[in-house]
Structures are given as C-alpha cells and as structure tokens.
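Given next are the chains, with one letter for each unit.
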Amino acid sequence: MRAQFVIVAAMACAAAFGDAFEMERVNARAREIVAKMTLREKVNEMTLATGTLADLKRQFDAGACGHVISALSLADRRAIQEYVIENSRLRIPTTFQADVIHGYRVIAPIPLASACSWDDALIEEAESAAAQEACWFGETLTYAPMVDIADDPRWGRVMETSGEDPYLSGRLAAARVRGFQGRTAADIASNRHILACGKHFLGYAASYGGVDCRMRDFSKREVYETFLVPYRWMIDAGLASVMCSYTGYDATYSTFSPGLRDFLRNELKFDGVYMTDWDTFAHAYRAGVSSSPAESARRAICEGGIGLSMFNAGFTNLIEFVRRGEVKEELIDREAVRSIAMKIRAGLFEDPFGRGDPTKTNGCDAAVLATVRRLAGESIVLLKNDGVLPLSLTNKVWVCGPYADERAEVLGQWAQSGRPEDTVTVREGMERAWGYGEIGWSGDTCKLEWGADTVVYAFGEPRGWSGEGPARGSLELPRDQLDELKRLKATGRRVVAVVFAGRPVLLAEVLANCDALLYAWFPGTTCGDAVADIVSGKVNPSAKLSQTIPRAVGQVPLTYRKRRQWIGFGYVDIPNDPEFPFGFGLSYTTFAYSKPRVVTPSPKAGEAVRVEVDVTNTGAREGREVVQVYVRDEKASVLTRERELKEYASVTLKPGERRTVSFDLTDESFALYDVNCIRTVEPGDFTVFIGPDSSTTNSVTVHMKDIGLGASRAGH
C-alpha cells in the first residue's frame, strides 16, 4: 500500500515539474500583455465586481471589473464576457468566481463531513465532479478549499473546514485542489475544471468564544506548526489563488500584514493571485485601522501584497496614488501579471466561452449523483451500535423526526446553487431501500403505528446555526427533539438516532436514549439514499471523525493535539477525555491490530523509517479500516504535542483476512521547530502509535540519531 502511495506522489511531482515550465511560458505571455496595458487597464485587473448584467457593464466601463462574482444566469455570463472582450482594447476576458464549497448543483456533504472519509481519491473525484458542474454553468474559479484549522466547534464555519488536524486538512486540501483544477496545465485550461482559491490566510479560525472574526492572538510557532501546513499541500498541488482573512496577525489587519505577505510569498513561494475577502477595505476603515477605504487600498498593495479586491472599487484609487508617487507602478504591474497569468492558465484567452453548457443546467447529472452518494456513505460516522444495525429488510421500520422528510436543511450552508427539490429525504431513501409501502413514517408528531419494531429518528440542529456568522454558546441539540427521542426510547422499541449538524454537538442524552447512533452531519442532495445505504447494510460505515466531539462545552477549545502537560490537573465534574476522540468511527465489522514493528530501527541521514502493522478483519462482514499513524517526541528542546497525525492509509478486508500495512516515515514525521523556529530532527526516542483513532495506545519506539534537517530547512 505504501509503495502505491509513493508511486502516486512521484507521478504528482513529475506533473508539477512539467507544469513549472508551462508556468514560465504563461508568465512570460502575461508580462507581454501587461507591457501593452495602460495604468487604468492594469488597475481594472485588480478589481472583482458584482451585480446585475447592467451593473457589471457600468463597472467595466468605469475600469473596475476585471473579474466577476455574481449569481448570473449562463446567458448573462456569456453576455458580459462578450461585452468585456468587445470593449477591451486588448480583448482581455473576465473570470466568473463563486462559492463552490461542497458541490454545485448536486450538493455533497459539508467539508467537515467529507473529511471524515479520510479518502483522498474519492474527495478528489467529488471535487472534480463539482468543477465539471460549475463549468457547465460558466464558472471559472471557486473560493475553496477552506483550510482553517479549528479547535472550537462553537465557531459556525467549522462546518466548512476539514477539521482540527493540519496533516489531514493538508492532504485533503491537496486532493480538493487536484479535483477542482485537475492534475495538469491542460486540465486547468479545459472546460471540465475550475481554478481553486485557498482560504483564509491566515489563522481565521483562531477566534475567542467561537465568534466569527473575534480574533484570538496566535504565535509565529503556531503559524508554522498548524496554519501554514495545509497551504504547503495546496501550493504543491498547483493552487491558483489565495484569499486573506477578515482577522489579522500580530495585531495587524490581514489585508495590510507584511508578516502574512512574507509567509505566503517568501516561505511558501506562492506566486499566484492573493485576494481580499468580501469588502475588506471598508471593514478595515470601520475597524479603525485605516483612515479611508482608499487608504486601505494603498496599504493593501504596498504592505499586504494584495493584488485583487473583492467587491470594492478601492483599487481604482491607485491611479491617483501612482500619480502622486505614493504607490510604485511596478507593484501594480506585478499584480496585473498575476491576474492575466491566472486567466491564461484557465484557457480564457483561447476560448473565453468554453465553460458553459445550457444542455447540462436543468437537472442533476447521474454520474455526479453517484459520486456524491458514495462520498456521503463514507462521511456518515457510526458512533454507537448495540447490535441493532444494519437493519434487515424484514424489520418493520418507522421513520420520523423533524429531518425525516426535510430537503433544504440537510444540504447545510454554502449550498446556494443546489435545489432542495433534488434532495432525497431520509423517508424517500428508506422507502427505496425497503420498498414503497414497506416503511411507516410520520412528520413532526412521530406517532408510532405500523407495528414497528425499530424507529429511525432523524433530527439535529438547524443548518442556519452554522456557516459564516453564526456561533453557538452551547452545543446542545434542541430540547424538544431530545424529549421526543426519550419518548421514543420509552416505548421499548429499538431506536436508531440519525443526527444532522454542521459541527460536533453534545451527545450524552442521545447516547443514553438510542441503540445506534449515526452522525450524518449535513450530507447533501443524496442524503436519504446515503442514510438508507448504511442503515440497510448496503454500505458498511467506515468514516472516522475529523473533529473531536466534546463531553461538555466547557472543554472547548478542544483538540487531541494539545501540548504536553507536566502536571495532571483536570476537571473535577466531568472526565477529561472527550465523548469521542479525533479519528474515531465504528464499523459493522471489527478489526484487530498487531503491535507495530520497526523495519529500519537505525535510519541513516535522509532514510525513511519503515513501520508496519498487521490488520485483521475479525468480524463477519467485509469492511474498510482507516489505519492512523501518530508520533510523539518523548524528549525535546521545546514543548511538543502529546501526539500528531503523520500518516494514514485505508485497507479493505474480507472477513478473516489479514494484511500488513506499511508506512515510510520521513524526517518530516519526526521534525519539530526549535527555539529559533528552525525545522529540525532532534536525536532521541519517539513513540509511534498505530491504531483506529487518536486515543490508541498501540505503539512502538523509534530512536532517531543526530540527523537534523539543519538551518537550510528554516521555517519549513
């Protein structure tokens, strides 16, 4: 398995190396175009406009419409593209940008849910399907992936992340970028893929009390150890653009931050478009860190290195700043080159109308639906099962609860392009599996009839409680729903609880009043089919939590990656451990792990440490297990973390089958940032844990000699 991963990585590196030559060609062509442009035309390239077709035409005429974000029809997108090209002296096309966060027409599980699949290949396939759909509607770029690392589930936008771990988030972010953009320059320029924009740079999830944009300070060390990690993965995958955050770093607003600019341009060597979030020039003025939106624009390019402004014509003021000698024109040239290069990469100069297919915009594509259904099946986490699941098709089943026949809520936030009428409800999915007329159901009242022996209760938090803006002071589910669950359990029937949510919620009462618990998150368009697939046993659940589920809100912020503690203080009123740890998830079968083995106990400089473990399916069903590798540095010069995820791989085993799973741990798996934030491997003992989740004690010791990475790896 490891050999296969190495081959895939080598192929990706070869493709990236080949595309480096292509980027030189693209940049050279962009520089030639910019050399012919007037100052006004270059500033136009730095502005992202919104509005109706008429609004956009006016903004283009005013020199403030180099890119478009707008809910236009496909016909209007073509019309504005025609208008822009016909009225552009150099016939420069525009881009169309949108929030393709978890699907376009067919809505996939929210990112926090899809991350529970731990399936790089399937996530890449799903994002590729979303990109194809977006192309049919004429889009060019998506504001995704969102790679903020969140340790506080009260934060509404945790649903948009891939969870609390930087390594998992990084690997999956790279898969998402490859899905959106493809793997080659030809893919990016085709009418099957769109450009990706990683966000939010940097540390946006670090918020007080989980409240959006209430900035919590973080250190340079946290930048290196946590927040930069997913960006490295995305940039290596060819990421086209990056969006700054609404917050800041070291008390400097992100849009103006030289520190963040240097992290992006110097540390990560990113040379793509760096854009603002929505209207940040005005936000900075209201926050009191700028004297005017125009001054925000000047500081954004001069200090923050920003090259594209979203929904703000503030960059048009740069023309006057240049004339007064307050902004150097070469700064504008640099950003215009990046904007033009992005359009060249997207193939817009060769075929500005290639994205858009009116024959594909009326319904849901069958292939896309099939991919999303598989992803939803791998995203629903089985948290409890007292032998109830899977249900037999002979079971008399009653489906009820506020989400039993719900279409819109189960899509979650950031599903603007999806249609609720396309959603398969839990009731419909169960009826398809059991046969119409073989399932009893009720709406809000949950009246039990039908002689049912099992109740499937679908409930959860409203989707409006998560997303951009909403935060929660508590993490309980609605009281009326919990009371209804208790009433159902009191009838003596078996109860399967299906919880829908955009974040981890408190589950103590749910666990006490059900026989089985499926955490469905917000699974999207194929919701009902995915739930029925798991309830019926057609799909054996394999999802693993991408976010720790706490016992009490007082435990948050909460992550398994906590720094090592020398004294055992803890809570006096609750256990210290979470309700469910990061990486946890049950199956309809069981797996046994052997003790890990070190194949290369004394590695030489630059040599990988091979560790392996035997995994056996000890149950009666074929199943997929995600094998997780964590490393702890036992003695170090700085405070390290209790353990950190360093590798994972999935293995599918038949009943009784055993397989050896091998991992080659490079120096990066053992490295730390020393007191000077230099990336190095310090000699000593490391504990390597291999098991089914982050709480595993199954481990082996690896001794690393003095093979430090050295000063040449500073900040890496």
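Keep in mind that this is a model prediction, so the values were computed, not measured.

J.: In this structure, what is going on with the side chain of Ser339? I would like to understand it.
T.: Take Ser339: it is sitting in helix α15 (residues 329-345). Its relative accessible area of 3% is what places Ser339 among the buried residues.

J.: Would you take a moment to explain the packing of helix α16 (residues 366-379) against helix α20 (residues 527-536) for this structure?
T.: When two helices pack together, you describe them by how their axes are tilted relative to each other and by the distance separating the axes. Between α16 and α20, the shortest axis-to-axis distance is 9 Å and the interhelical angle comes to 50 degrees. Considered as vectors, α16 and α20 are oriented oblique to each other. Every pair of crossing elements has a handedness; the one defined by α16 and α20 is right-handed. Contacts from Arg373, Ala376 and Gly377 of α16 reach α20 at Asp529, Ala530, Asp533 and Ile534. For the contact of α16 with α20, the class distribution of residues is three nonpolar, one polar and three charged.

J.: Would you mind showing me how to read helix α18 (residues 479-490) here?
T.: The first and last C-alpha atoms of α18 sit 17 Å apart over 12 residues, in line with the 16 Å expected at 1.5 Å per residue. Those residues of α18 that sit buried are Gln481, Leu482, Glu484, Leu485 and Leu488. Down the axis, α18 shows its buried residues gathered within 160 degrees of arc, on one side only. What points out from α18, more than 90 degrees from its buried face, is the exposed set Asp480 and Ala490. Once α18 finishes, Gly492 follows within two positions and takes phi at roughly 90 degrees, a positive value.

J.: Even after reading the chapter, I still don't get unusual backbone geometry, so can you show me in this structure?
T.: Across the junction of Phe201 and Leu202, the peptide omega takes the value 15 degrees, indicating a cis bond. Tracing the sequence through the fold places Leu202 in the loop between β5 (195-201) and α9 (220-227). The omega torsion across Leu389 and Pro390 is 0 degrees, close enough to zero to call that bond cis.

J.: What's the story with the sheet that holds strand β26 (residues 699-704) in this structure? I'm lost.
T.: The strands making up a sheet associate through backbone hydrogen bonding, with each pair oriented either parallel or antiparallel. Strand order in this open sheet of four strands is β21-β20-β25-β26, and the pairing throughout is antiparallel. If you trace the sheet from one side to the other, it starts and ends with β21 (644-653) and β26, each paired once. Neighbour to neighbour, the strand axes of the sheet diverge by 25 degrees on average, direction disregarded. Where strand β20 (residues 623-633) lies against β21, nine bridges are found, and the strand directions are antiparallel. Bridge pairing in β21 places Glu625 opposite Val651.

J.: What's the story with the pairing of strand β3 (residues 95-98) in this structure? I'm lost.
T.: The two faces of a sheet get side chains in turn, since along a regular strand they alternate between them. Residues of β3 alternate between two faces, with Thr95 and Gln97 on one and Phe96 and Ala98 on the opposite face, all of them buried. Summarising the sheet, strand β2 (residues 67-69) and β3 pair through three bridges and their orientation is parallel. Across the sheet, His67 pairs through a bridge with Thr95, a residue of β3. For the crossover from β2 across helix α4 (residues 74-87) to β3, the handedness is right-handed. Across two bridges, β3 lies against strand β4 (residues 141-142) in parallel orientation. Within β4, the position partnered with Gln97 by the bridge is Leu141.

J.: Explanation requested: the layout of surface pockets in the structure shown.
T.: Any empty space left between atoms is shown by rolling a water-sized probe over those atoms. When its volume is computed, the second largest pocket comes out at roughly 880 Å³. At three residues, the largest contribution of residues to the lining of the second largest pocket is made by α9. Counted by class, the lining of the second largest pocket contains 14 nonpolar, 10 polar and 12 charged residues.

Each value, and the rule that gives it
Starting afresh in each chain, residues are numbered from 1 along the sequence in its written order. The model is predicted, so local features are restricted to residues of pLDDT at least 70 and side-chain atom pairs to those at 80 or more, both for listing and for counting; the totals for chains, interfaces and linings are taken over all residues. Values reported for side chains reflect all heavy atoms of the structure, with hydrogen atoms and water molecules removed beforehand. Only DSSP runs of H or I covering at least 4 residues are called helices, and only runs of E covering at least 2 are called strands; the numbering of each starts at the N terminus. For each residue, the accessible area found with a 1.4 Å probe, counting protein chains only, is set against the maximum for its type, and the residue is called buried under 20%, exposed over 50%, and partly exposed in between. Note on method: axes are straight lines fitted to C-alpha atoms, helices fitted across the in-contact stretch only, with angles between N-to-C directions ranging 0 to 180 degrees. Note on angle classes: values under 35 degrees are labelled roughly parallel, values over 145 roughly antiparallel, values of 65 to 115 roughly perpendicular, and the remainder oblique. By the definition used in this description, the sense in which the near helix is turned from the far one sets the handedness, with an anticlockwise turn below a right angle giving left-handed and a clockwise turn giving right-handed. Contact definition: two residues touch when any of their heavy atoms are within 4.5 Å. Polar here means any residue outside two lists: the nonpolar Ala, Val, Leu, Ile, Met, Phe, Trp, Tyr, Cys and Pro, and the charged Asp, Glu, Lys and Arg; Gly therefore counts as polar. Here the expected length of a helix is defined as 1.5 Å per residue gap, with one fewer gap than residues. In this context, the arc is that of the directions from the helix axis out to the C-beta atoms. Two strands qualify as a pair provided DSSP detects at least 2 bridges between them. Here is how to tell: hold the view so the strands point away, follow the path from the first strand over the helix to the second, and if it runs clockwise the crossover is right-handed. Throughout, the protein atoms alone are placed on a 1 Å grid, and a set of points is a cavity if a 1.4 Å probe fits but cannot get out or a pocket if it is open with protein on both sides within 12 Å along at least five of seven lines; lining residues have an atom within 4 Å of a point. Grid points are joined across faces, edges and corners, and a volume is the space filled by probe spheres set on the points.

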